[in-house]
Amino acid sequence: MLTEQPVRAAMTRDSAALNDPQAIRRVILASSLGTVFEWYDFYLYGALAVFFGELFFPPGNDRAALLASLATFGAGFGVRPLGALVFGRIGDIVGRKYTFLVTIVTMGLATALIGFLPTYASIGLWAPVLLVALRLAQGLALGGEYGGAATYVAEHVPDAQRGYYTSFIQTTATLGFFLSLAVIGACRYGFGAEAFRAWGWRVPFIASFALLGVSLYIRLRMKESPLFAKLKTAGRLSKNPILESFGNRNNLKYVLLALFGATAGQGVVWYTGQFYALTFLQKPLGLDWPIAYALVAIALGLGTPFFIFFGRLSDRIGRKRIMLTGCLLAAVTYVPLFMAMTALANPDGQKLVTALPLLNAAGLVAILFVQMIYVAMVYGPIAAFLVELFPTSIRYTSMSLPYHLGNGWFGGFLPLIATAVTTSPWVIGHLGGFAMYAGLLYPIAICLLTVAIGGWLLPETKDRRLDDETTIS
């Protein structure tokens with residue numbers, strides 16, 4: 001049960017800002033647009049992970065190159081929790097707005113520099129070393145971005161509509177992924193296969209300079225969060241957010257419950273439904289990249305409004321019920337859904353599928369859309385849920401760590417883990433044709449763990465007020 005014990009006098013937020021729809025729209029636009037650009041930067045590599053294996057890693061072993069490319073993709077996720085600690089601390093001590101500026105500059109520069117990297121053919125092993133270094137910089141920046149965006153929006157909007165308004169932030173990851181697919185697809189078509197392989201792949205990364213300029217312009221115009229500003233005026237800011245977040249036994253308990261009872265399952269559902277599905281279509285199923293990109297892009301477009309739908313619904317019936325239902329549905333249906341994808345995309349086991357009957361393509365979009373619904377169910381309400389668990393003085397730090405552990409570690413390494421399992425000689429030898437589905441055991445297990453822990457131990461948070469500094473017990 002969720003109980004609240006006031007530890008400080010309640011603070012009154014700026015009622016004018018809370019009740020001004022135009023002001024709220026500006027806050028959401030400023031937060032969301034910059035975050036879309038950050039996700040675009042981060043996911044450019046993910047969308048090209050299959051392609052990057054032959055550019056930046058030793059030739060001669062396609063499986064090793066693919067796994068190395070996916071491992072580099074995962075490296076950016078691996079340091080996201082560190083970024084959550086570093087930038088979460090800055091955000092809780094210095095302010096949300098300042099932290100926004102630092103993260104967007106770090107992300108934009110790291111992404112643009114990838115566009116100038118020499119390949120393995122030019123500088124040998126220095127190519128993957130430099131690539132990993134820039135991916136680590138991206139991961140650090142993203143580790144500070146999401147918690148700040150979710151916190152900033154939540155601290156500006158009415159309590160009764162928190163799920164609805166923060167769900168707009170939840171669309172940014174998918175929109176950033178969608179934007180990366182669109183830009184890459186346009187470059188591949190526009191430059192042609194040979195030119196794209198030679199130099200055209202650099203253009204989407206270098207374009208981040210322009211996005212960085214737009215993002216900086218937007219974020220420099222933002223004001224500080226009213227809740228943070230009032231804490232600062234009252235002299236009640238945390239002096240050590242990391243110690244207060246993780247040294248306090250009660251707060252640490254909710255950090256761990258948020259991780260294993262919510263964000264771990266959310267992370268694997270997100271990356272299975274988008275990245276692993278895209279990899280699965282291209283590698284085991286041999287679907288030509290334009291078809292795979294188009295199918296995933298259509299499903300993303302159809303599914304994105306449901307982030308807002310489930311965010312709004314969570315204001316009525318609660319966050320926990322929706323998120324755990326999404327995890328449970330995913331665990332039960334992943335194997336039959338991916339088997340159906342095989343039957344529709346490549347039933348004859350061709351090496352390369354360059355055309356699909358219309359009904360097959362429609363069926364694949366429907367399957368991908370179902371997976372997007374699962375993503376929207378677990379992801380739409382989670383920003384509101386996380387900000388409601390923790391008090392204002394340590395909210396940025398406390399919510400950022402479980403989010404980026406769940407997404408960065410449990411979710412971010414999913415393509416690598418699942419691909420390593422499905423391509424393992426041992427698995428292939430024992431499972432034969434069913435080996436391609438063995439990688440799904442990982443997200444299924446994590447989803448079931450999340451349902452068990454979250455269903456048993458997590459509180460419902462939708463009625464919690466953010467303007468009261470409270471301790472959950």
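Residues numbered from 1 in each chain as written. Predicted model: local features only at pLDDT ≥ 70, side-chain atom pairs only at ≥ 80, totals over all residues. Heavy atoms only, no water.

(A) Layout of the overall build of the protein. A count of helical and extended segments in the protein gives 24 helices and two strands. Computed over C-alpha atoms, the radius of gyration of the protein comes to 22 Å, within 12% of the 23 Å expected from 2.2 N^0.38 for 473 residues, which places it in the range of a compact globule. Considering only contacts in the protein between residues 6 or more positions apart, those separated by 24 or more positions represent 87%. With 34 positive and 23 negative side-chain charges, the protein shows a separation of 2 Å between the mean positions of the two kinds. (Helix = DSSP H or I, 4+ residues; strand = E, 2+ residues; numbered from the N terminus. Rg over C-alpha atoms; globule rule 2.2 N^0.38 Å. Contact = heavy atoms within 4.5 Å. Lys, Arg positive; Asp, Glu negative; His and termini not counted. Charge placed at Lys NZ, Arg CZ, Asp CG, Glu CD.)

(B) Structural detail: the packing of helix α6 (residues 96-114) against helix α12 (residues 208-220). Following both chains from N to C, one finds α6 and α12 inclined at 175°, their axes separated by 9 Å at the closest point. In this view, α6 runs roughly antiparallel relative to α12, as classed from their interaxial angle. Side by side, α6 and α12 meet where K97, F100, L101, T103, I104, V105, G108, L109, T111 and A112 of the first sit next to S208, F209, L212, S215, L216, R219 and L220 of the second. Here the residues of the contact of α6 with α12 are counted per class, giving 10 nonpolar, five polar and two charged. (Axes fitted to C-alpha atoms, helices over the stretch in contact; angles between N-to-C directions. Parallel < 35°, antiparallel > 145°, perpendicular 65-115°, else oblique. Nonpolar A, V, L, I, M, F, W, Y, C, P; charged D, E, K, R; others polar.)

(C) Examining the state of the cysteines more closely. Across all of its chains, the model carries zero disulfides by this definition. Free of any disulfide, C447 has its nearest cysteine sulfur in C327, 4.6 Å distant. On the accessibility criterion, C447 (0% relative accessible area) is buried. (Disulfide = S-S within 2.5 Å. Buried < 20%, exposed > 50% of the residue type's maximum accessible area, 1.4 Å probe, protein only.)

(D) Structural context of the side chain of D92. With respect to the element layout, D92 can be found in helix α5 (residues 80-93). In this structure D92 comes out as buried when scored by relative accessible area, which is 1%. A polar contact is formed between the side chain of D92 and the backbone nitrogen of Y396, at a distance of 3.3 Å. Side-chain polar atoms of D92 contact the side chain of T397, separated by 2.7 Å. Residues in contact with D92, not counting those within four places in the same chain, are F228, L237, P241, T392, S393, I394, R395, Y396 and T397. (Polar contact = N/O pair within 3.5 Å; in protein donor to acceptor, adjacent residues only side chain to side chain.)

(E) Spotlight on the environment of A340. Positionally, A340 belongs in helix α18 (residues 319-345). Along the primary structure A340 and E224 are separated by 116 residues, whereas in three dimensions their C-alpha atoms are 49 Å apart.

(F) How the structure looks around the nonpolar core. Ranked by internal contacts, the top residues of the largest apolar core, which has 134 residues, are F52 and Y379. For this core, the leading source of residues is helix α15 (residues 249-282), giving 17 residues. The contact partners of F52, leaving out residues within four places of it in the chain, are Y45, F57, S69, I114, L131, W201 and F205. (Core = buried A, V, L, I, M, F, W, Y, C linked by side-chain atoms within 4.5 Å.)

(G) Main features of the packing of aromatic side chains. With the rule as written, the count across this model stands at 25 aromatic pairs. Centroid distance W270 to Y379: 6.2 Å. Interplanar angle 70°. Geometry classified as edge-to-face. With a gap of 109 residues between them, W270 in helix α15 and Y379 in helix α19 (residues 358-379) connect regions that are remote in the sequence. Given a relative accessible area of 1%, W270 falls into the buried group. Three or more aromatic residues link up through ring pairs in this structure, and these residues are F177, W270, Y271, F275, F307, Y379 and Y403. The side chain of R188 reaches across the aromatic face of W289, ending 3.9 Å from its centre. Positioned over the ring face of Y164 is R312, at 4.0 Å from the centre of the ring. (Phe/Tyr/Trp six-rings, centres within 6.5 Å; stacked < 30°, edge-to-face > 60°. Lys NZ or Arg CZ within 6 Å of the ring centre and 35° of its normal.)

(H) Broad picture of the confidence of the model for the protein. Of the residues in the protein, 94% have a pLDDT of 70 or more, and the chain-wide mean is 85. Note that residues 1-16 has pLDDT below 50 and, in this model, 46 contacts with residues that lie over four places away or in other chains. (pLDDT = per-residue confidence, 0-100.)

(I) The arrangement of the pattern of salt bridges in detail. Under the definition given, this model contains six salt bridges. Several salt bridges share partner residues, and in doing so they unite D159, R162, D315, R319 and E388 into one network. (Salt bridge = Lys/Arg side-chain N within 4 Å of Asp/Glu carboxyl O.)

(J) Up close: helix α4 (residues 62-78). Its 17 residues give α4 an end-to-end C-alpha distance of 24 Å, which sits within 8% of 24 Å, the value for a rise of 1.5 Å per residue. Looking only at α4, the buried set comprises A65, L66, L67, S69, L70, T72, F73, G74, A75, G76 and F77. (Expected span 1.5 Å × (residues − 1).)

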